[in-house]
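Observations on the three-dimensional arrangement
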Amino acid sequence: MRRVVVTGLGMLSPLGLSSESSWDAALAGRSGIGAITRFDVSEFPVRIAGELPGFDPSDVIARKDLKKMDPFVHYALYAGVKAFEDSGLVIDESNEDRVGVYIGAGIGGLGSIEHWHDVLREKGPKRITPFFIPMTIINLASGQVSIRIGAKGPNSCAVTACATGTHSIGDAYRLIQYGEADAMIAGGSEAAITPLGVAGFNALKALSQNNDDPRGASRPFDKERNGFILGEGAGVMVLEELESAKKRGARIYAEICGYGRNGDGYHITTPSVDGVGASKCLNLALKDAGLNPQDVDYINAHGTSTYYNDLYETKAIRRVFGGHADKLAVSSTKSMTGHLLGAAGGVEAVFSVLAIKDGVAPPTINLNTPDPDCDLDYVPNEARQMKIRAALSNSFGFGGTNAVLAFKVFKN
C-alpha cells in the first residue's frame, strides 16, 4: 500500500486567519469565542459564537466573485489555496489528472439560503440570483478549489455532519493509497453562524447559553459544561504519495497512516451508550495504521462540551487504550475554537499534525472543575511540551457517524 504524507496546511478559525496564527493562539490557551456581531441576537437565548476575526477573502477571491459564493465556499477556497501554496505543489499538464480535491461541509450555504428565501418572499422569483444554487451546494467547496488551482483528479466531498472534515481527509487518503490520485487537497469548511443555524441548534438544547462569559463558555470535560459553542472556518491539508513528495523535495509535516470510519446505528444525536461505536472506530484507525495503543501519545478529542459526548468519548478511549489511557494526553481544542461542525475535523487534523511537528499538546482550557466521570489527562489549561510519536484525531457526528484519523512522525 502506498504511503501518504502531509505537505501543506491551511486554516481559518476563530483563533486566527492562518494555520500559524491559529496554532499560536491555541498553544497560548486563548479563546476565540465572543458575542455574535453579524445579526441581531437580542431575542435569542444564545448570543455567543466563534466568529472569524476580521476575515477578508479578497486577497484570494476577486471582489467581483465574492457575491457568487456563500461564506462556507469563501472559507474553503481561502484555506484550500493557502494549503496548496504552503505545499509548494505545482500543477501542470503532466499531473493535473492526478491531483484532486475533497473538501466538505456539514450544512453548506445556510446563510445564503436564508437570505435568498427572504428575497423570494419579499420581491418574487425574478429577483433570485442565477448563482443561488452554485453558491449553496456543498460540493462547490471542492469545485471552486479545483477550478482555482487546476486540479482535475477526483473531485468530491463528504457531508457527514461533525465528522465531515475527518471523512474528507480520510477518503482522500484512501484514494492516494489505492493509486487513484497522487495528491489531494482535503478538509472541511462551515459557515453556520446564522439566525437559523443558531436557533436550530438551540432548539436541540445543544448550545451553551453562558452569554455573560463567552470565553469560558466552551468547557469540555468540565463538570459545569452546559453545551457547545458554534464556530466557523475551514481546515484543509495537502496529502501526497510519499515518493511523489520526496521527488519534488517537499517539506513533510507528518505521515497520515490510519483511518477508521463506522456508525453507531443508535440515535440521531446521542452517541451510543458508553461510546461503543466510537471505540470500534478508534480500533479501526489503529489497525489500519498498524499502531499498538501504546504507540499513541496524543488524541485530539471530539470533546464538544456536551454531557454525553464528553462522557462517552472518555469511556471509548478507556475501552481501547486500557492502562495506557492514563499515559495519553487528550485535549479538546474546541474549548478555544468552539465547534466548527463540518470544518471541525479539518481544523483538528491540522492541529494534530502540528502537535506532532512541534512536539507539544495544545490545552483544554476552562477545565476548572473536572467531571469525576471524565478522568483522563485532558492537558488542562496550559499547553504541554512532549514527544508525540503518533496522534489520533476524533470526530463523531449526528446520525451516529464516526471517523478517526491517525498521524505519526514521518520517518524514511
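Residues numbered from 1 in each chain as written. Predicted model: local features only at pLDDT ≥ 70, side-chain atom pairs only at ≥ 80, totals over all residues. Heavy atoms only, no water.

The subject of this paragraph is the overall build of the chain. Summing up its helical and strand segments, the chain has 13 helices and 14 strands in all. In terms of C-alpha radius of gyration, the chain reaches 20 Å, essentially the compact-globule figure of 22 Å for 412 residues. Expressed along its principal axes, the backbone C-alpha trace of the chain runs to roughly 65 × 55 × 40 Å. Counting over 412 residues, the chain shows a buried share of 62%. (Helix = DSSP H or I, 4+ residues; strand = E, 2+ residues; numbered from the N terminus. Rg over C-alpha atoms; globule rule 2.2 N^0.38 Å. Buried < 20%, exposed > 50% of the residue type's maximum accessible area, 1.4 Å probe, protein only.)

Within the open sheet, the 10 strands sit side by side as β5-β4-β6-β7-β1-β8-β14-β13-β9-β10. Their pairing is mixed. Each end of this open sheet is capped by a strand with a single partner; those strands are β5 (155–156) and β10 (329–331). Judged from the eight bridges that link them, strand β6 (residues 183–190) and strand β7 (residues 233–241) form a sheet pairing that is antiparallel. Among the inter-strand pairings, Gly188 is bridged to a residue of β7, identified as Gly235. (Pairing = 2+ DSSP bridges.)

We now examine the nonpolar core. Formed by 48 residues in total, the largest nonpolar core has its most connected members in Met237, Leu239 and Phe407. Sort the elements by how many residues they give to this core and helix α13 (residues 344–358) lands first, with nine residues. Sequence-distant contacts of Leu239, defined by excluding residues within four places in its chain, comprise Val4, Val5, Val6, Ile169, Ala172, Tyr173, Ile176, Asp182, Ala183, Met184 and Ile256. In this structure, Tyr75, Leu77, Tyr78 and Val81 belong to the second largest nonpolar core, which totals 35 residues. (Core = buried A, V, L, I, M, F, W, Y, C linked by side-chain atoms within 4.5 Å. Contact = heavy atoms within 4.5 Å.)

In this section: the packing of aromatic side chains. Following the criterion strictly, the structure yields nine aromatic pairs and no others. Seen from their ring centres, Tyr307 and Tyr308 are 5.0 Å apart, and the 80° between their planes marks the pair as edge-to-face. Using a relative accessible area of 43% as the deciding quantity, one classes Tyr307 as partly exposed. Ring pairs connect the aromatic residues Phe55, Tyr75 and Tyr78, which therefore count as one cluster. (Phe/Tyr/Trp six-rings, centres within 6.5 Å; stacked < 30°, edge-to-face > 60°.)

Here the focus is the confidence of the model for the chain. Of all residues in the chain, 100% attain a pLDDT of 70 or more, and the chain-wide mean is 97. Of all the helices and strands in the chain, helix α2 (residues 63–66) carries the lowest mean pLDDT, 94, while strand β9 (residues 298–300) carries the highest, 99. (pLDDT = per-residue confidence, 0-100.)

Before going further, it helps to examine the side chain of Arg225. The residue Arg225 is located in the loop between α8 (195–203) and β7 in this model. On the basis of relative accessible area, Arg225 is assigned to the buried category, the value being 10%. Side-chain polar atoms of Arg225 contact the backbone oxygen of Asp222, separated by 2.9 Å. Only 3.2 Å separates the side chain of Arg225 from the backbone oxygen of Tyr307, close enough to count as a polar contact. If we skip the residues at most four places from it in the chain, Arg225 touches Arg219, Ser305, Thr306, Tyr307, Asp310, Leu311, Asp371 and Cys374. (Polar contact = N/O pair within 3.5 Å; in protein donor to acceptor, adjacent residues only side chain to side chain.)

Here we come to the pairing of strand β14 (residues 401–408). Within β14, seven of the eight residues are buried, which leaves the element mostly enclosed by the surrounding structure. Of the pairings in the sheet, the one linking strand β8 (residues 254–263) to β14 comprises eight bridges and is antiparallel in character. Opposite Gly263, over in β14, you have Thr401 as the bridge partner. As judged from the eight bridges shared by strand β13 (residues 390–397) and β14, these two strands associate in the antiparallel manner. Across the sheet, Gly397 pairs through a bridge with Thr401, a residue of β14. Taking the residues between adjacent antiparallel strands as the criterion, β13 and β14 are bridged by three residues, where Gly399 takes a positive phi near 85°.

Our next topic: helix α10 (residues 276–289). Look at α10: 20 Å from first C-alpha to last across 14 residues, which is about the 20 Å you get at 1.5 Å a residue. Where the residues of α10 are buried, they touch β8, α11 (307–321), β13 and β14. Positive phi appears at Gly290, one or two residues downstream of α10, with a value of about 70°. (Expected span 1.5 Å × (residues − 1).)

The topology assignment puts Thr129 in the loop between α4 (110–123) and α5 (132–136). Polar side-chain contacts of Thr129 include one of 3.1 Å to the backbone nitrogen of Phe131. Residues in contact with Thr129, not counting those within four places in the same chain, are Trp116 and Met135.

Below, the discussion takes up the pairing of strand β4 (residues 99–104). For β4, the buried fraction is high: six of the six residues fall into the buried class. The two faces of β4 match: Val99, Val101 and Ile103 on one face and Gly100, Tyr102 and Gly104 on the other face are all buried. Inspection of the sheet shows β4 paired to β6 by six bridges, in the parallel sense. Across the sheet, Tyr102 pairs through a bridge with Ala186, a residue of β6. As judged from the two bridges shared by β4 and β5, these two strands associate in the parallel manner. The residue of β5 that forms the bridge with Tyr102 is Ser156.

The next subject is unusual backbone geometry. The phi angle of most residues is negative, glycine excepted, and most peptide bonds adopt the trans form. Its identity as a non-glycine residue notwithstanding, Phe221 has a phi of 70°, on the positive side. Among the secondary structure elements, Phe221 is positioned in the loop between α8 and β7. On the basis of relative accessibility, which here comes to 1%, the residue Phe221 falls in the buried class. The backbone of Asn366 shows a phi angle near 65°, a positive value even though the residue is not glycine. Inspection of the secondary structure puts Asn366 in the loop between β11 (360–361) and β12 (384–385).

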